[in-house]
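For reference, the chains in residue letters:
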Amino acid sequence: MGEVKIPDAGGNSITLVEVDGHFFPRIPNEENPIDVIKGIRDITIREDDVFVCAYPKCGTHWVWEMARLLLSEDTDTVINKEKFMIEFLRNDVLEKMPSPRILNTHCLVEQLPRGVFEKKCKIIYILRNPKDMAVSFFHHHTKLIPCYEYHGKWENYLPLLMDGKVDYGSFYTYLKDWAAIGQTHPDVPILTLVYEDLKEDPLAGIRKLAKFLNAEKSEEFYLKVKQLTSFNKMKENKGKFYAAEDGSPVMYRKGEVGDWKNYFTVAQNEAFDRLYKENMAGCDINFRYSSK
Ligand code: A3P
């Protein structure tokens, strides 16, 4: 329990926090991170809390911002979604937030606050093809030096990710855990959005989200949401919240479908496909790996 350094095959290591056998990001200067993580299950939940859930790098910032705009109609304020991540928030801080709270997390289903299931809160779940996720997570880990202290190379990083030796653990476990939510928690309202679909037709995604949140608006407002949540606009408005040492925004990098082709060698791609098939047997998710 506590801070751990996970070595890769090239002699570099990722610094993380381990709590009860699960890895979380290490946020420098965070007060009592272990207590906060241990307290997640007991967070006081309100019926109108909304949860945006995804494995890291699958579009959480994007969808969180869509949900925030739809529910608040506040198109002027620029807010950092990290301030609403339950794994970094003490209950007393959360309790001071006005409703409806739009929270977000990369936790597994069973790590969510108990109240989410008791109160049947709305959950928006995001999927993204795991090859683009992998490339995005590599940049995340190598750019956020104060958190991860990681200077590894792609070829040594990829095996670590496929082995679940990163914050939030194995993406296979995550995908299977969330794919089973219909069986494990059949009465929780959940909307699944797919990153590649949102890229293809953001307006359709925004309309679906508005309906799910009971926050239907005019077409004009949906267009405004589309504009304000475009990759370039979000990068311009929010890129400053998490910048790498070279000043580049970590959370708004490329925002494309298929960037993995610029990173995966043929051998890495074959190994990835083989391991994916082995680990995801019995769990069919049809990911799209290229833009149409
Ligand atoms: P890339 O690194 O491939 O560019 P998360 O928000 O879960 O951390 O995911 C981050 C990924 O979503 C990054 O992917 C980021 O660029 C992309 N992203 C963020 N905002 C986006 C937007 N408005 N439109 C499309 N992609 C976006």
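Let me sum up the structure you'll find in this document. (Residues numbered from 1 in each chain as written. Predicted model: local features only at pLDDT ≥ 70, side-chain atom pairs only at ≥ 80, totals over all residues. Heavy atoms only, no water.)

**Looking at the sheet that holds strand β6 (residues 122–127)**
- As summarised here, the arrangement of the four strands in space is β5-β4-β6-β7, forming an open sheet in which the pairing is parallel. The open sheet terminates on both sides in strands that have one partner only, identified here as β5 (102–105) and β7 (190–194). Pairwise comparison of adjacent strand axes, ignoring direction, gives a mean angle of 20 degrees for this sheet.
- The strands touched by helix α8 (residues 171–179) are β4 (50–54), β6 and β7; relative to β6, the strand with the most contacts, the crossing angle is about 140 degrees.
- Packing of helix α11 (residues 202–212) onto the sheet brings it into contact with β6 and β7, and relative to β7 it is tilted by some 170 degrees. (Pairing = 2+ DSSP bridges. Helix = DSSP H or I, 4+ residues; strand = E, 2+ residues; numbered from the N terminus. Axes fitted to C-alpha atoms, helices over the stretch in contact; angles between N-to-C directions. Contact = heavy atoms within 4.5 Å.)

**Regarding the side chain of asparagine 129**
- If you trace the backbone, asparagine 129 turns up in the loop between β6 and α5 (130–143).
- What makes asparagine 129 buried here is its relative accessible area of 0%.
- Those residues in contact with asparagine 129, other than ones at most four positions away along the chain, are Glu196, Val257, Trp260, Phe287, Arg288 and Tyr289. (Buried < 20%, exposed > 50% of the residue type's maximum accessible area, 1.4 Å probe, protein only.)

**Details of the pairing of β5**
- In β5, alternate side chains face the same way, and those of Ile102 and Asn104 on one face and Leu103 and Thr105 on the other are all buried.
- Bridging between β4 and β5 involves four bridges; their strand directions are parallel. Within β5, the residue paired with cysteine 53 across the bridge is threonine 105.

**Examining the packing of aromatic side chains**
- Throughout the structure, instances matching the rule amount to 23 aromatic pairs.
- Seen in terms of ring centroids, phenylalanine 24 and tyrosine 168 are 5.7 Å apart; in terms of plane orientation they differ by 75 degrees. Their pairing is edge-to-face. With phenylalanine 24 in strand β3 (residues 22–25) and tyrosine 168 in the loop between α7 (154–162) and α8, this pair connects stretches of sequence that are 144 residues apart.
- Given a relative accessible area of 4%, phenylalanine 24 falls into the buried group.
- Overall, the relative accessible area of 9% leaves tyrosine 168 in the buried class. (Phe/Tyr/Trp six-rings, centres within 6.5 Å; stacked < 30°, edge-to-face > 60°.)

**Re α11**
- If you check which residues of α11 are buried, you get Pro202, Leu203, Gly205, Ile206, Leu209, Ala210 and Phe212.
- On the buried face of α11, the contacting elements are α2 (60–72), β6, β7, α10 (195–200) and α12 (219–228).
- Positive phi shows up at asparagine 214, right after α11, with a value of about 55 degrees.

**Observations concerning the packing of α2 against α11**
- Two elements in contact, α2 and α11, have axes whose closest approach is 10 Å; the angle formed by their N-to-C orientations is 55 degrees. What the angle tells us is that α2 and α11 run oblique. Crossing hand, α2 versus α11: right-handed. Residues Val63, Met66, Ala67 and Leu70 of α2 lie in contact with α11, whose contacting residues are Ile206, Leu209 and Ala210.
- Among the residues forming the contact of α2 with α11, the class breakdown is seven nonpolar, no polar and no charged. (Parallel < 35°, antiparallel > 145°, perpendicular 65-115°, else oblique. Left-handed = near helix turned anticlockwise from the far one by under 90°. Nonpolar A, V, L, I, M, F, W, Y, C, P; charged D, E, K, R; others polar.)

**Concerning the pattern of salt bridges**
- This structure, assessed with the given rule, holds 21 salt bridges.
- Taking the shortest distance from any N to any O, the salt bridge between arginine 207 and glutamate 219 comes out at 2.9 Å. On the criterion of sequence distance, the pair formed by arginine 207 in helix α11 and glutamate 219 in helix α12 is long-range, its members being twelve residues apart.
- Relative accessible area serves as the criterion here: at 41%, glutamate 219 is assigned to the partly exposed category.
- A salt bridge links lysine 233 to glutamate 236, with the shortest nitrogen-to-oxygen separation between them at 3.4 Å. Of this pair, lysine 233 and glutamate 236 both sit in helix α13 (residues 231–238), three residues apart, which is roughly one turn of that helix.
- Look at lysine 233 and you get partly exposed, because its relative accessible area is 29%.
- Its relative accessible area of 58% is what places glutamate 236 among the exposed residues. (Salt bridge = Lys/Arg side-chain N within 4 Å of Asp/Glu carboxyl O.)

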